[in-house]
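Chain by chain, the residues:
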Amino acid sequence: MRTLWRITGRLFSAVWRIINFIREFILNLFLLLLIVAGVGIWSQVSGGSANSAKTLTGGALKIDLAGMVVDQPSAQNRLSKIGRELLGSRSETLQQNSVFDIVNAIRQAKSDDKITGIVLDLRNFGGGDQPALQYIGKALREFRDAGKPVYAYGDNFSQAQYYLASFANTVYLSPQGAVDIHGMATNALYYKTLLDTLKVSSHVFRVGTYKSAVEPFLRDNMSAAARDADTRWITQLWNNYLTTVSANRQLTPQQVFPGADNLITALKAVNGNTATYALNSRLVDGLESRAAVDQILIHKFGWDSQTHDYRNVSIYDYPLKESQTSAPANIAVIVANGAIVDGESGAGNVGSDTLVSQIRTARLDKNIKAIILRVNSPGGSVTASEAIREELMAAKQAGKPVVVSMGGVAASGGYWISTPASYIIASPSTLTGSIGIFGVINTIENSLSTLGVHTDGVSTSPLADVAMTKALPDQVQQMMQISIENGYHNFLSLVADSRHKTTEQIDQIAQGHVWTGSDAKENGLVDELGDFDDATQKAAVLAHITTPRLDWYQEQPTFFDQVLDQMSSSVSASLPASIKAFLPAPLAEVMTDLQNQPGLTGQAADPQNRYAYCLNCGVMN
């Protein structure tokens, strides 16, 4: 008996020590995050003045972008950025940069006498959607037109990096480098066989010939209709890329990319030297080492004895001047960036509650005369999309014009929330349309049966007898299909009313078909091809505003919200990452794809299991 008590006591003691260790670990981790975030916020508040006080007696604005360009960085990203600055971490792929902040910095530098040029240092730049890069390129062209030079240098240029570099007056490449222009492709994973192997029953309900978001559940390859649609828009985006780059470099599109076979022939002629090929093809202006380029920039901008570098200020240290006017803002800018979900916004998604609150605030603000809705979303929950649309319609009915500025993608639910607009402006490279709806309910009764687990019970109606562990009753399937068809009809009616067409006319260009901005303009789905500047001008005209003053609506989470969000995202992100590190690359891709697929996980969960979502929009490599 004494031995039993001793064993029990030791076991209890060991468990208690483990519990204490976990408790102390969590508390210490939380305390560390508090310290890091606190110091970061203090440095931004107090040390921010030091950054703003940094003087530049003449030199370059160094655009040393790290990470991705997006319409609106998430709050979690802002806290991550603080931690990276304090701890010296270089995980740039996690960093997000506002395209509007970048453009504002370039335009301010254009009129800044202390800035005499721009240097594009894009080695850590991960890319962005084509409309965002076009907008930055427009600002770079304005800077050049003001008589100030733009230089670009790279050890290697990715396709996205070279797109921005092509706007420079002079492009230098390392003698061992390459300009990687290879084209565009879309790739999606199809897992019907996987679901069959796992005995998962996928009940899919859809309307629309081209609604390819559900094809991964139903097929192991792309349908002919989806292939034709994707081929059309990806070819247009590639042609837009070549047209812009060739115009910047004063070449023809064929010279920028002669095709795979001709490229191989040209590389063989220079013994596979990619740098020499880039120079011979006039993609770059010179092959220089980093040290040689430094000497060129020192000669141009002067020497900074403190930094031991050419005179420059990083775009991250270049303070943007605040407006000198005390007049209140008269145009609200509200950004819908990411998948549309119910509830509050989080990292990478648009929460209907958050956006509705912002729109309502703008609607009730007597100083706000117009609203610009910046949409960069592939869609998501139908319920959430409708809540946002209703609030925008209320603002419009209150006499405040609503102008939609479409970013890289405004498809499915992203177009749904655009329907109340007084005017829609899209980039030629915007992916929009995808007017269609689908529903997904997955059940695992067969999977459990294989393991010897069964579900049974009673219900007062087949409609009540719905569970993931049981077969979906036929009556429920009929109800879902009726609901999907009704939702599609509502979608058509909303678009038809807003575009002053019949539902039959909209149905011909709907069916889930994805269109580029150029095609959408021809089909009457958008009013004008342009960028955010055009949207601002249009909002001012519609609201009879002579001097537009923008108020960017952005959720400002509390300090503790940011810390808690960062902790939760870190835990949820780090575990799959650690698992995927031990998986073969294809299997890791499957995990990511499954996580992004609406209806298969909690992503974009809709109360009625109805989704207006474009899965493949913008997924290119």
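What you see is a predicted model, and the numbers here were worked out from it, not measured in a lab.

In the predicted model, the chain carries a mean pLDDT of 84, and 79% of its residues have values of at least 70. The low-confidence segment residues 1-5 (pLDDT under 50) makes zero contacts with residues lying over four places distant or belonging to another chain. Confidence drops under pLDDT 50 across residues 43-54; counting only partners more than four residues distant or on other chains, this segment forms eight contacts.

Here we come to helix α3 (residues 99-110). For α3, with twelve residues, the first-to-last C-alpha span of 17 Å sits near the 16 Å given by 1.5 Å per residue. Taken as a whole, α3 has its buried residues at Val99, Phe100, Ile102, Val103, Ala105, Ile106, Gln108 and Ala109.

Attention now goes to the side chain of Ser418. Note on placement: Ser418 falls in the loop between α15 (413-416) and β19 (423-426). For Ser418, a relative accessible area of 0% translates into the label buried. When residues no more than four places from it in sequence are discounted, the contact partners of Ser418 are Val375, Val404, Met406 and Ile424.

Bringing a nonpolar patch on the surface into the picture now. A cluster of nonpolar side chains, contributed by Ile18, Ile22 and Ile26, occupies part of the molecular surface with about 280 Å² of accessible area. Relative to the helices and strands, Ile22 resides in helix α1 (residues 2-52). Given the relative accessible area of 44%, Ile22 is considered partly exposed.

Another aspect to go through is the packing of α3 against helix α4 (residues 130-145). Between α3 and α4, whose axes approach to 9 Å, the crossing angle comes to 5 degrees. It follows that α3 is roughly parallel to α4 by the angle criterion. Residues Val99, Phe100, Ile102, Val103, Ile106, Arg107, Ala109 and Lys110 of α3 touch α4, and the partners they reach there are Ala132, Tyr135, Ile136, Lys138, Ala139, Leu140, Glu142 and Phe143. Here the residues of the contact of α3 with α4 are counted per class, giving twelve nonpolar, no polar and four charged.

Throughout the structure, instances matching the rule amount to 14 aromatic pairs. An angle of 40 degrees between the planes, with centres 5.4 Å apart, marks the rings of Tyr163 and Tyr241 as tilted. Of the two residues, Tyr163 is situated in helix α5 (residues 159-165) and Tyr241 in helix α8 (residues 224-249); the sequence distance between them amounts to 78 residues. Taking NZ or CZ as reference, Lys538 lies 4.3 Å from the ring centre of Tyr423, over its face.

Another point: the sheet that holds strand β5 (residues 125-127). Reading across from one edge, β3-β2-β5 is the order of the three strands in this open sheet, with parallel pairing throughout. Sheet topology places β3 (96-98) and β5 at the edges, where each strand pairs with a single neighbour. Ignoring strand direction, the axes of neighbouring strands in this sheet form an average angle of 40 degrees. Looking at chain direction, strand β2 (residues 67-70) and β5 are connected through two bridges and run parallel. Each bridged residue has a counterpart across the sheet, and for Gly67 the counterpart in β5 is Phe125. Of the strands in this sheet, β2 and β3 are in contact with α3, which crosses β3 at around 55 degrees.

Reading guide: rules and limits
- Residues numbered from 1 in each chain as written.
- Predicted model: local features only at pLDDT ≥ 70, side-chain atom pairs only at ≥ 80, totals over all residues.
- Heavy atoms only, no water.
- pLDDT = per-residue confidence, 0-100.
- Contact = heavy atoms within 4.5 Å.
- Helix = DSSP H or I, 4+ residues; strand = E, 2+ residues; numbered from the N terminus.
- Expected span 1.5 Å × (residues − 1).
- Buried < 20%, exposed > 50% of the residue type's maximum accessible area, 1.4 Å probe, protein only.
- Patch = residues over 30% accessible without salt bridge, like charges linked within 9 Å, V, L, I, M, F, W, Y side chains within 5 Å.
- Areas by Shrake-Rupley, 256 points an atom, 1.4 Å probe, with all protein chains shown as cover.
- Salt bridge = Lys/Arg side-chain N within 4 Å of Asp/Glu carboxyl O.
- Axes fitted to C-alpha atoms, helices over the stretch in contact; angles between N-to-C directions.
- Parallel < 35°, antiparallel > 145°, perpendicular 65-115°, else oblique.
- Nonpolar A, V, L, I, M, F, W, Y, C, P; charged D, E, K, R; others polar.
- Phe/Tyr/Trp six-rings, centres within 6.5 Å; stacked < 30°, edge-to-face > 60°.
- Lys NZ or Arg CZ within 6 Å of the ring centre and 35° of its normal.
- Pairing = 2+ DSSP bridges.

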